[in-house]
Amino acid sequence: MPTSRQQERVPAFSQQEYRERTARLRKQMAARGMDALLVMNENNMNYLTGYDGYSEYVPQLALVCQDDEDPWLILREMDTLCATPTSYLPESRILSYPEKYIGSSQLTAWEPIGDLIRERTKSSRIGVELTAKTFGVKDHAALGNSLDSSKFIDADGMLGKLKTVKSPAELAYMEQAGKIVDRAMQVGRLEIAPGARECDVGAAIVNALVKGTPEIPGGVCAFPTMPVGAPANAPHLSWSDASYKMGCQTNFEIGAFRHRYACALSRTVFLGEPTARARHLHQAALDGFLAQVETIRPGVACSEVSQAFQRAFKPYGVRKESRSGYSIGHGWVDGGISFPVDDDTVIEPNMTFHVLIGIFEKDDGYVFSETVRVTENGAKSLSNMSRDLLVNC
């Protein structure tokens, strides 16, 4: 029996919303000729079932069959105890394989998983998320011994397309995450001072992300990226062992989560007077950001957003080769939609984007971003953070 503490947990969404997601997915499956789909990305498993364990390091999946209203969860035996209090599924649809398959050099969990799949679908027209984190070459071969892997259909990206347009309940979680990430950014910024340890700044941000606000609890967070330097131009570094000195900058990229729904926010903070070049970069980034936000609206192609950015940014003569935004939401990057010049996906209401102006070049470093929601009238930011140049003296 679940403990009283486990009983406090409830699925993040209603049964109806989960079933609507699966129904939309089955339509995509039918169009691709799939009778069944093996969903191996843990965030996608969560999206379809509510399963909220963090167990992606072992074999597991959600099985979606064309003729079933609800998916099946197939998990390590002990992880069924994570599924019963978090998933909307009844216990009869939560399946497991024995613990003896974990950590064994002789046994593979993909054998009993294959048996469980075969018992529920006789078709060989099976879609598979082939690039899931824990589905490597050996795993593919092992599952192929139970199923006909030669007929697997590549299903990468199917769930991403399903996630791009958000429901009112999803948007509510992202708006809550926006309040948390604003607070975390402000906390981190105020911790920066001469002699402060970078790790203490990072710890303050993580604490704020987990703690949330008095009204909104925080979720499991991604560690913030916060390269420090003069300039700070490395995109994906966290804190170091060093302490702060005057004249450096910190590029914060932070994401807050509510039930795995992310709101991201980026700012550059200077300790001491910024250089003239830094001020130039700030204005270039801000103008490029605003040009995109003003262009994002229903009916506009993503490529048009990219073109608007280029028109505003290029006159500053700053090199920037990376994309300037992408779909965000469930699990942070969620849909495969970006703002390169060749993506002609048409923007729809209730899409959400991380509009990210990241300058990561040999001699230049700057970052500025916000998460925006597409409304009927244009893009609305989920952040209230100041857009001014941020300087700690």
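Notes on the structure follow. Worth saying up front: this structure is predicted, and the values here are computed from it rather than measured. (Residues numbered from 1 in each chain as written. Predicted model: local features only at pLDDT ≥ 70, side-chain atom pairs only at ≥ 80, totals over all residues. Heavy atoms only, no water.)

### Quick notes on the overall build of the protein chain
Stage number 1. The helix and strand tally for the protein chain stands at eleven helices and 15 strands.
Stage number 2. On C-alpha atoms alone, the protein chain measures out to a radius of gyration of 23 Å, which is about the 21 Å that the 2.2 N^0.38 rule sets for 393 residues.
Stage number 3. The principal-axis extents of the C-alpha atoms in the protein chain amount to approximately 65 × 45 × 40 Å.
Stage number 4. Residues counted as buried form 54% of the 393 residues belonging to the protein chain.
Stage number 5. Excluding contacts between residues fewer than 6 apart, the proportion of contacts in the protein chain whose partners are at least 24 apart in sequence is 68%.
Stage number 6. By element, 50% of the accessible surface of the protein chain is carried by carbon and sulfur atoms, the whole surface being about 17400 Å².
Stage number 7. Taken as two groups, the 42 positive and 48 negative side-chain charges of the protein chain have centres that lie 1 Å from each other. (Helix = DSSP H or I, 4+ residues; strand = E, 2+ residues; numbered from the N terminus. Rg over C-alpha atoms; globule rule 2.2 N^0.38 Å. Buried < 20%, exposed > 50% of the residue type's maximum accessible area, 1.4 Å probe, protein only. Contact = heavy atoms within 4.5 Å. Areas by Shrake-Rupley, 256 points an atom, 1.4 Å probe, with all protein chains shown as cover. Lys, Arg positive; Asp, Glu negative; His and termini not counted. Charge placed at Lys NZ, Arg CZ, Asp CG, Glu CD.)

### Describing the packing of aromatic side chains
Stage number 1. Within this structure, the stated rule accounts for twelve aromatic pairs.
Stage number 2. Look at Phe 13 and Tyr 18: their rings are 5.9 Å apart centre to centre, the planes differ by 85 degrees, and that puts the pair in the edge-to-face class. The pair Phe 13 / Tyr 18 is uniform in exposure class, with both members buried.
Stage number 3. Between Phe 309 and Phe 313 the ring centres are 4.9 Å apart and the planes differ by 25 degrees, which places this aromatic pair in the stacked class. Taken as a pair, Phe 309 and Phe 313 lie in helix α11 (residues 302-313) at a separation of four residues, close to a single helical turn. Each member of the pair, Phe 309 as well as Phe 313, carries the same accessibility label: buried.
Stage number 4. The ring of Phe 13 carries the charged tip of Arg 21 above its face, separated from the ring centre by 4.3 Å.
Stage number 5. Against the face of Trp 72 rests Arg 120, its NZ or CZ located 4.7 Å from the ring centre. (Phe/Tyr/Trp six-rings, centres within 6.5 Å; stacked < 30°, edge-to-face > 60°. Lys NZ or Arg CZ within 6 Å of the ring centre and 35° of its normal.)

### Looking at the sheet that holds strand β2 (residues 61-65)
Stage number 1. As summarised here, the arrangement of the six strands in space is β4-β3-β2-β1-β5-β6, forming an open sheet in which the pairing is mixed. Both edges of this open sheet fall to β4 (94-97) and β6 (153-154), since each of them pairs with a single strand only.
Stage number 2. Pairing of strand β1 (residues 36-39) with strand β5 (residues 126-128), which is carried by three bridges, proceeds in the parallel orientation. Within the sheet, the bridge partner assigned to Leu 38 lies in β5 and is Val 128. (Pairing = 2+ DSSP bridges.)

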